[in-house]
Amino acid sequence: MTDTNAPASGAALNENGHGEHDDAAAEVVMPPLNAGIDEERAYVGALYRRLDQLREEARTQLAKVRSSGAVGTMQNMSERDAFATMYEDRLAQLNAVDDRLVFGRLDLETDESRYIGRIALSTESRQRLMLDWRAPEAGVFYQATAFDRQGVRRRRHLLLKRRSVQGIEDEVLDPAMLEEGTENHGDGALLAAVTARRTGQMGDIVATIQAEQDRIIRADRSGILVVQGGPGTGKTAVALHRAAYLLYTHRERLKSAGVLIVGPSSTFMSYIERVLPSLGETGVVMSSLADLYPGVRGVEESDQALAEIKGRLDWVQIIADAVAHRRRTIAEARHIVVDGVKVKVTPKMINRGIERAKATGKPYNEARATFVKVMVKEIADTLEDILANRSQGNEADRSYLVEDVRNAAQVRVLLNLCWLPRTPQALLEDLYAKPEYLAAVAPQLEDSERQLLRREPGAAFTTADVPLLDEAAELLGELDETAGREEARQQAARQKDLENAQKAVENAGPQLEEMGIEGFLDAEAVAALNAETGHTMTAAERAGVDRTWTYGHVVVDEAQELTPMQWHILMRRCPLKSFTAVGDTAQGSSPSATTSWKQAFAPFIDDRLRVEELTVNYRTPRNIVELAERVAEANGLQTTQLRTVREGDYEPIIETHHQAEHLVAAATAAVAAERQRLAEGLIAVIAPEPLVGSIRESLVEVYGRRVGQGAGSMTQDVVALSAAEAKGLEFDGVVLIEPAELLDEAAGKVGSLYVALTRSTQSLRVLAARDLPAGF
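For clarity, every value in this text was computed on a predicted model and none was experimentally measured. (Residues numbered from 1 in each chain as written. Predicted model: local features only at pLDDT ≥ 70, side-chain atom pairs only at ≥ 80, totals over all residues. Heavy atoms only, no water.)

Peer 1: I'd like a description of the UniProt feature "binding site: ATP" (unreviewed entry) in the protein chain, backed by residues and values.
Peer 2: With numbering matched to this structure, UniProt assigns "binding site: ATP" (unreviewed entry) to Gly229, Gly230, Pro231, Gly232, Thr233, Gly234, Lys235 and Thr236. Take Gly234: it is sitting in the loop between β9 (224-229) and α7 (235-249). Its relative accessible area of 23% is what places Gly234 among the partly exposed residues. Not counting chain neighbours up to four residues away, the residues in contact with Gly234 comprise Gln213 and Leu614. (UniProt positions renumbered as here; feature names shortened; annotations may be inferred. Helix = DSSP H or I, 4+ residues; strand = E, 2+ residues; numbered from the N terminus. Buried < 20%, exposed > 50% of the residue type's maximum accessible area, 1.4 Å probe, protein only. Contact = heavy atoms within 4.5 Å.)

Okay, structure coming up:
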């Protein structure tokens, strides 16, 4: 049967994965070299009309696929599922790139002009309208300079608001064009982007990527690439654009494996979630460190010393020993009763069963099935010998004994005593709750450290527990002993359905022959008619719920904060060791924070580490940067000296208060003052953890629903955050509360305070009741 939902035979798939027809539409006229804003608006309008046309075609094809229902052979249904997924993905991509679809134009020495946008577009007759920003031919838009023009005469920025061209800005690289009367406007597009009002959602920088950023974005995917950069250098933006670039360049290789993006918190993940869709990529898996283990959302670790202990690589051995410790022999022979018969089980029998199971090489829970099978057979054989001796000459069939042994209560108790099935959660809870168990498997920890780990079962798992759960899951394996049986049951049911369907086809044969349609039905088609068709999951959806999924590339933000155990489980997620890690060693605030990238990766790789550095601060004004660097240096923190692109319109303000209890009211008043000073924008109050709740309550009394709380709250006008929550984010104005207490929270590490001081794009106000740290 032919799939009527596939692209027509006379059509071809273009660069966008869409069927193009041979009927040529009217050609779109490229604006001339001296085009003004009206001509650019006309061309941009044509691009949007083509975008709308492609959307409508994708909707039509998707509706056609969906309306066909579950008919045809299994192959045809599989093909329809594939086409449905293709059209769904395509439609999602086309919808995501609507805002500022096109942003640049290149005029070349060859008299050719190229428009650069979020995706590639061409007419039905294959006339190229716009290049995808990731295409090799588009690279010169970001790389060309007046000293190395790379064949570019002029780079034009199209300044759009939604679909409307608001202005054009030219960077003339060929002096001959200046003589023709064209002005060179320089870096206006970049400055407009970095000074624009913050919305609480990170925006892409695709229109203003700078040469040093572009070089990193387009770097080879092999090995581990570390992007080191101070505050405001665009590390996160570079990482996300690099993910989009790799997905474009290595589409076939990464489509099935996928790309994982890991960030420090759910607030941060909410902040960046729209960037990749706006770049035309919708199939990436995004996860905070707390969510890396499916089914568990880790809470913050209240004690940083405890987080450091749990972050050590020692836990690889501790967890392995803890799993092995759950396998136990018996000190002496035991007698168990099966159907009224007493059977002797010896240590030798138990040891033999354990060794047979261990020899399979399977994880703990899966190897247990072998142990149970061996032991049940040995006990059944012993029982059979006892019964045979009691009734010599009786040759009765005793095959039922195996099932009797398996179901005997005392047998189950004994086998569980020797090899108890375990979940990762239960294993970790036992370690924390039973001091003797932890002491037996973790001699490398100090007594005081083991005491710090002590907690009762049922307590919430923390972000620091997530790697330990993952490690335990790797060694324990699946707990469900019926998983294989269920798969076998489904296969048997499927075979039965096919047999029944074959009989139905044979019975209907004579009738179909009389009607002249013999051969139309087959057993597969009939079985498929009665089968339930579920949602076909994308690779990203499957990966998000599968702990064992391995990715083609992993991007890690705020990488300086990761513990060795967190790196350990991420390395397992990507066996090819293809990583992009972005961070700043000066911004580390946790006890496990690295001060050396080489040292951080030494346990996992040999020489496949490349470090690139970003040196320009685009976000933070010079006057705020100078204050932050002065405070960092005065407190012993070595930072990267950055070049800043602008001076800043507002000098930092420092307020001292005599009483700490006045700080909450002062913070609310400071927000009002900042809102008046900036006229508009997103204001953040960054405070010590104990004050955040009180400050939020005070702000809500004044600003109501305009105050954001928790993950996903960044689209409000005012937010109150801890220094840890503010990591990686940016705001128009920042009110910083009690810097000395922020230092205390981080046990004297200056990175947290340095981060808080550099979150603002416009203004900074510091409030303190205690003595200010050195440097202020």
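Peer 1: Help me get a handle on the nonpolar core, residues and values and all.
Peer 2: With 81 residues, the main nonpolar core has Trp315, Phe371, Leu431, Trp567, Leu570, Phe579 and Phe601 as its most contacted residues. Broken down by element, the residue count for this core peaks at 10 residues, all from helix α14 (residues 364-390). Shared between two domains, this core takes at least three residues from each, and those domains are domain 2 (217-293 + 547-611) and domain 3 (304-476). Formed by 73 residues, the second largest nonpolar core is a distinct cluster that contains Phe141, Val152, Ile261 and Leu682. (Core = buried A, V, L, I, M, F, W, Y, C linked by side-chain atoms within 4.5 Å. Domains from an automatic or database assignment.)

Peer 1: So what about the pairing of strand β13 (residues 341-345)? Which residues, and what values?
Peer 2: Here is the key point about a regular strand: its side chains alternate between the two faces of the sheet. Side-chain alternation along β13 places Val341, Val343 and Val345 on a buried face and Lys342 and Lys344 on a face that remains uncovered. Note that strand β12 (residues 334-338) and β13 share 5 bridges and pair antiparallel. Residue pairing in the sheet places Arg334 in a bridge with Val345 of β13. Once β12 ends, the chain turns through 2 residues before running back antiparallel as β13, passing Asp339 with a positive phi of about 50°. (Pairing = 2+ DSSP bridges.)

Peer 1: Tell me about helix α16 (residues 409-418), and name the residues and values.
Peer 2: Residues Val411, Leu414, Leu415 and Cys418 constitute the buried set of α16. Mapping the buried residues of α16 onto a view down its axis gives an arc of 95°, with all of them on the same face. Turning to α16, the residues buried within the fold contact β12, β13, α13 (347-358), α14 and α15 (401-407). (Arc of directions from axis to C-beta.)

Peer 1: Tell me what's going on with the sheet that holds strand β16 (residues 609-614), and back it up with residues and numbers.
Peer 2: Across the sheet, 6 strands lie side by side as β11-β10-β14-β15-β9-β16; this open sheet has parallel pairing. The open sheet terminates on both sides in strands that have one partner only, identified here as β11 (285-288) and β16. Across the sheet, the axes of successive neighbouring strands diverge by a mean angle of 15°, strand direction being ignored. Two strands pair when backbone bridges link them, and β9 and strand β15 (residues 579-583) are joined in this way by 5 bridges, in the parallel orientation. Considered in β15, the bridge of Val227 is made with Val582. Across the sheet, helix α24 (residues 564-573) is in contact with β9, β10 (259-263), β14 (553-556) and β15; its angle to β15 comes to roughly 150°. (Axes fitted to C-alpha atoms, helices over the stretch in contact; angles between N-to-C directions.)

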